[in-house]
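Spelled out, the chains give:
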Amino acid sequence: MKKYTSVDDINDLIEFLQFTKEIKNNPLGNKQLGKDKTIGLLFFNPSLRTRLSTQKAAQNLGMDCMVMNLNSDSWTLEFEDGAVMDGSASEHVKEAAGVISQYCDIIAIRSFPTLTDKEKDEAETVISSFVKFASVPIISLEGAVEHPLQALADALTIEEYKTTQRPKVVLSWAPHPKALPQSVPNSFVKIMKKMEVDFVITHPEGYELNPKVTEGVKIEYDQEEAFKNADFIYAKNWSSYTDYGKVVNKDPNWTIGKRQMDLTDNARFMHCLPVRRNMIVTDEILDSDASIVIPEAHNRVYSAQAVITKILEGLK
Ligand code: AN0
Ligand code: CP
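Residues numbered from 1 in each chain as written. Chains lettered and ligands numbered in written order. Predicted model: local features only at pLDDT ≥ 70, side-chain atom pairs only at ≥ 80, totals over all residues. Heavy atoms only, no water.

Draft legend 1. Spatial organisation of the site of ligand 1. The local shell around ligand 1 consists of Phe112, Glu142, His147, Leu180, Pro181, Lys236, Cys272 and Leu273. Here an oxygen atom of ligand 1 and a side-chain polar atom of Lys236 are 2.7 Å apart. Burial of ligand 1 by the protein amounts to 84% of the accessible area it has alone, namely 330 Å². The class makeup of the residues in the shell around ligand 1 is five nonpolar, one polar and two charged. (Near = heavy atom within 4 Å. Polar contact = N/O pair within 3.5 Å; in protein donor to acceptor, adjacent residues only side chain to side chain. Areas by Shrake-Rupley, 256 points an atom, 1.4 Å probe, with all protein chains shown as cover. Nonpolar A, V, L, I, M, F, W, Y, C, P; charged D, E, K, R; others polar.)

Draft legend 2. Region of interest: the nonpolar core. Counting residues in each nonpolar core, the largest one holds 57 residues, and the members touching the most others are Ile39, Ile139, Leu152, Leu171, Met192, Phe199 and Ile308. A total of eight residues in this core trace back to one element, the largest contributor, which is helix H13 (residues 293-315). There are two domains that each give this core at least three residues, and those are domain 1 (7-146 + 299-315) and domain 2 (150-296). Those residues in contact with Leu171 that sit more than four places away from it in its chain are Pro185, Phe188, Val189, Phe199, Val200, Ile201, Thr202, Leu209, Tyr234, Lys236 and Trp238. Counting residues in each nonpolar core, the second largest holds 21 residues, with Ala226, Met261, Ala267 and Leu273 among its members. (Core = buried A, V, L, I, M, F, W, Y, C linked by side-chain atoms within 4.5 Å. Buried < 20%, exposed > 50% of the residue type's maximum accessible area, 1.4 Å probe, protein only. Helix = DSSP H or I, 4+ residues; strand = E, 2+ residues; numbered from the N terminus. Domains from an automatic or database assignment. Contact = heavy atoms within 4.5 Å.)

Draft legend 3. Expanded view of the site of ligand 2. The local shell around ligand 2 consists of Ser47, Leu48, Arg49, Thr50, Arg110, His147, Gln150, Cys272, Leu273 and Arg300. One nitrogen or oxygen atom from the main chain of Leu273 is found 2.8 Å from a nitrogen atom belonging to ligand 2. For ligand 2, whose unbound accessible area comes to 260 Å², protein coverage reaches 93%. Residue-level mapping places the shell around ligand 2 at the junction of two domains, with at least three residues from each of domain 1 (7-146 + 299-315) and domain 2 (150-296).

Structural measurements only, silent on function.
Listed below in structure tokens is the structure:
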């Protein structure tokens, strides 16, 4: 594996999930692989799970890990080619990526979308610049349009908890006070398309995701209809794609509670976290046995470890 910035970087998902399961069964089995290797984790945005699970994954592989919060601890970076740097940016990504490549064998980056500049976001400007100017492999820790490590952990979690060969999985939009990226749902949709699942997306009108991503997927605007006989409910808020980055609806009827979960086939409740209680989902559901958000977050370690392992094997 040369990089992991999109779910599309996985060739054979079934095989990759099998590999991830093997790592989970024996997480310390490859402790020599990362010896004398360093991964750098660069954060332009906050994180709890991604930071700690990736650090843990590196540790399991015997790697050293360096972490930097770019916005608070480093120079402001310029990404535009040919820019006259007379503004707030002190350093160009060309030098920054080149320099960090001297210290790290793998660079992993979190950079959320602007949610104001669709073109810039769709070009995945920050992560793509690192792919271009770094001389080492790049991993996305959530970019402007995808969160591929999250999707891999989610797919593994569904594999582990499914009780039928072809479970019904529902991705449901839920309300949130702020405008959030479409990265998590985009990667989730992409990975569900590669799995043996009956997949449905439900959201209010106006929250259609990028049609290129959702092509061929059933969209049901009636949340209750969508929830009928579901085996997994995957909740997430995202901002509008068409009215780019806007919160066009905060309808509290979409908060997931007992009313909707009772329509399912004893569905498991999933969310990538962090989750706002009683906005996205009620306490009653999140605190119930239906919720598998903690084991889902646990799987972030193994999704990161599987990806780092594949990349390290590629470096040999
Ligand atoms: C981020 C998002 O929705 O993309 C990160 C989720 C993993 N969530 C928030 O900013 C609350
Ligand atoms: N799910 C996830 O990526 O969480 P963090 O934002 O805390 O890393």
